[in-house]
Amino acid sequence: MALSLENRTALVTGASGFVGSTLATELANRGATVRALVRSPTKASYLRDVHRVEIVVGDIRDAARMRELSIGSDWVFGVAALMRGSHDQQHEVNVEGTRSLVEAAASAGVGRYVHVSTLSVYGSGRHGSITEDMGPAPARDPYSVTKAKAEEVVREVGGVCKLSYSILRCGNMYGPRSEFWAAGMMKLARRKPTVYIGNGSGTCPAIHIDDITDLLIMLATHPAADGEAFNGAPDPPPTWREFIGGYQKLAGHQQWIGLPLVFFKILTKLIALLSPTASMGKEAPHILEFFTSSDASWSMGKARRLLGWQARIGLEEGIERCAPWLRAQGLLRDSTRE
């Protein structure tokens, strides 16, 4: 049974995006009043008719505006992030924007700040069961580096200002309205045969958005989540063949061609060798490893142990939940499922 959040108030940043808008809706569905922070109201159409959601305009880098919106909030959810652009651009939003938001939450006396991070802070060289106490070791791409730094900011400000906080390192979040992990995977899976690098046996940290929002709310409300970081991934994880295969099932086929992995290992090493320092090209071998490595998993033991929480939505059910939205986007026809 979902926890009732009646008479509670939450500020959700990045509310025009997939994660932020889904979280804002779930908070409201459980009874909370939600301040949904967006930079452009035109991109927040999904939230306009959601009861108990107020769309507010602002930028997390605007300290005065963040203090204004944090006042009276029981929780602040730091979802907003910049995933593209130069290192300086991402640092300004992901690090300094986080600092502005966390300091605002502290000065407003917010009950808890919940920070949305990413599994990519672990880097790509980890093997076996990856647990939260291993700590960040990001690769050189700006997103991983700045998200790891943002976690440092949360801990630093939280410690100095005595602010309760919790951090969630999310995997590949899919579900209705996910442009990459739902629509993008469907476009790939519709191809007959579906072409992939290698045999698809690599582990895939794909987790349904409804599980992520449920866990984020747990992190905001559970006493044992205070000051802790948690993984947000399936445990054990499916393979990429299983994840993409779920979309193939919707498309009505299971045809697969695996391209030789050895060729791409040579190619990505060459790309890394010729790429400028701190560019995404330098990370080409690590990106390839992410999509092909079969000996890494992300432990959810800490969430089970401290919070009594575990994911509820299996892969088959999760992908099936995407079907109506995929159909509405013209990516899935009823006839393909006969």
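Here, every reference points to the structure presented above.
Attention here is on the structure that accompanies the text. Just so it is clear, the structure is predicted and the values come from calculations on it, not from any experiment. Each chain has its residues counted from 1, following the order in which its sequence is written. With the structure being a predicted model, the display of local features is reserved for residues of pLDDT at least 70 and the display and counting of side-chain atom pairs for 80 or more, all residues being used for whole-chain, interface and lining totals. With hydrogens and water set aside, each side-chain value is computed from the structure's full complement of heavy atoms.

## Brief notes about helix α1 (residues 18-29)
And step 1. Numbering of helices and strands runs from the N terminus, with a helix taken as a DSSP run of H or I at least four residues long and a strand as a DSSP run of E at least two residues long. A helix is expected to reach a length of 1.5 Å times the quantity of its residues less one. Compared with an ideal rise of 1.5 Å per residue, which puts 12 residues at 16 Å, α1 spans 17 Å between its outermost C-alpha atoms and is within 8% of the ideal.
And step 2. To sort residues, take the accessible area from a 1.4 Å probe on protein chains only and compare it with the maximum for the residue type: under 20% means buried, over 50% means exposed, and anything in between is partly exposed. Taking burial as the measure, the 12 residues of α1 include 10 buried ones, the bulk of the element.
And step 3. Inspection of α1 places Phe18, Val19, Gly20, Ser21, Thr22, Leu23, Ala24, Thr25, Leu27 and Ala28 among the buried residues, and these make up the whole buried set.
And step 4. Where the residues of α1 are buried, they touch β1 (9-12), β2 (33-38), β3 (53-57), β4 (75-78), β8 (172-174) and α6 (209-221).
And step 5. Of the residues trailing α1, Gly31 is marked for its positive phi of about 110°. Any two residues whose heavy atoms approach within 4.5 Å are treated as being in contact.

## What about the pairing of β4?
And step 1. Here β4 shows two buried faces, one formed by Trp75 and Phe77 and the other by Val76 and Gly78.
And step 2. Here β1 runs beside β4; their pairing, made up of 3 bridges, is parallel. Pairing of Ala10 across the sheet is with Trp75, part of β4.
And step 3. Should DSSP find at least two bridges between two strands, the strands are regarded as paired. Inspection of the sheet shows β4 paired to strand β5 (residues 112-118) by 4 bridges, in the parallel sense. Pairing of Gly78 across the sheet is with His115, part of β5.
And step 4. Since β4 and β5 lie parallel, the crossover through helix α3 (residues 87-107) that links them has a hand, and here it is right-handed. Note on handedness: a clockwise path from strand one over the helix to strand two, with the strands aimed away from the viewer, defines a right-handed crossover.

## Points about unusual backbone geometry
For residues that are not glycine, phi is negative in most cases, and the peptide bond is trans in most cases.
And step 1. Geometrically, the link from Lys192 to Pro193 is a cis peptide bond, its omega value of 0° lying close to zero.
And step 2. Inspection of the secondary structure assignment puts Pro193 in the loop between α5 (179-189) and β9 (194-197).
And step 3. The linkage connecting Asp235 with the following residue, Pro236, adopts the cis geometry, with an omega of 5°.
And step 4. Tracing the backbone through its elements, the reader meets Pro236 in the loop between β11 (228-232) and α7 (240-251).
And step 5. In this structure, Asn7 takes a positive phi of about 65° despite not being glycine.
And step 6. With respect to the element layout, Asn7 can be found in the segment before β1.
And step 7. Taking the relative accessible area as the measure of exposure, Asn7 reaches 73% and is therefore exposed.
And step 8. With a phi angle near 55°, Lys162 is a residue other than glycine that sits in the positive phi range.
And step 9. When you line up the elements, Lys162 lands in the loop between α4 (142-161) and β7 (165-170).

## Topic: the sheet that holds β4
And step 1. The 7 strands lie next to each other as β3-β2-β1-β4-β5-β7-β11, forming an open sheet whose pairing is parallel. The open sheet terminates on both sides in strands that have one partner only, identified here as β3 and β11. Between one strand axis and the next, the sheet turns by 20° as a mean value, whatever way the strands run.
And step 2. Sheet analysis places β1 next to β2, joined by 4 bridges and oriented parallel. Bridging across to β2, Leu11 finds its partner in Arg35.
And step 3. Axis definition: a line fitted to C-alpha atoms, limited for helices to the stretch in contact. Angles are taken between N-to-C directions and run from 0 to 180 degrees. Against the sheet, α4 makes contact with β5, β7 and β11, and its axis sits at roughly 160° relative to β5, the strand it touches most.

## Focus: the packing of α1 against α6
And step 1. Contact pair α1 / α6: the axes reach a minimum separation of 10 Å and the direction vectors enclose 60°. The two elements α1 and α6 meet at a crossing, and its hand is right-handed. Contact residues: Phe18, Val19, Thr22, Leu23, Glu26 and Leu27 in α1; Ile209, Asp210, Thr213, Leu216 and Ile217 in α6.
And step 2. The classification used treats Ala, Val, Leu, Ile, Met, Phe, Trp, Tyr, Cys and Pro as nonpolar, Asp, Glu, Lys and Arg as charged, and all other residues, Gly among them, as polar. Split into classes, the residues belonging to the contact of α1 with α6 amount to 7 nonpolar, 2 polar and 2 charged. Each helix crossing is assigned a hand: it is left-handed if the near helix lies turned anticlockwise from the far helix by less than a right angle, otherwise right-handed if that turn is clockwise.

## With respect to the pairing of β9
And step 1. Here β9 shows a clear split, with Thr194 and Tyr196 buried on one side and none of Val195 and Ile197 buried on the other.
And step 2. Summarising the sheet, β9 and strand β12 (residues 256-259) pair through 4 bridges and their orientation is parallel. Looking across to β12, one finds that Tyr196 is bridged to Gly258.

## A short note on the packing of aromatic side chains
And step 1. For this analysis, a ring pair means two rings from Phe, Tyr or Trp (six-membered ring only for Trp) whose centres lie within 6.5 Å, classed as stacked if their planes differ by under 30 degrees, edge-to-face if by over 60, and tilted for the remaining angles. One pass over the structure, following the stated rule, counts 12 aromatic pairs.
And step 2. For the ring pair Trp240 and Phe243, a centre distance of 6.3 Å and an interplane angle of 70° mean the geometry is edge-to-face. A residue pair is termed a helical-turn pair when its members lie 3 or 4 positions apart in one helix, as Trp240 and Phe243 do in helix α7 at 3 residues.
And step 3. Ring centres of Phe243 and Tyr247 lie 5.5 Å apart, and the angle between their planes is 80°; on these two criteria the pair is classed as edge-to-face. With a gap of 4 residues between them, Phe243 and Tyr247 both fall in helix α7, about one helical turn apart.

## Re the environment of His127
And step 1. Locating His127 in the fold gives a position in the loop between β5 and β6 (128-130).
And step 2. Residue class for His127 comes out partly exposed when judged on its relative accessible area of 41%.
And step 3. In this structure, His127 is in contact with Glu289, Ser293, Asp295 and Ala296, ignoring residues within four places of it in sequence.
And step 4. In protein, a polar contact requires one atom able to donate a hydrogen and another able to accept it; more generally it is a pair of N or O atoms within 3.5 Å, and residues adjacent in sequence count only if both atoms are side-chain atoms. A distance of 3.0 Å separates the side chain of His127 from the side chain of Asp295, its partner in a polar contact.

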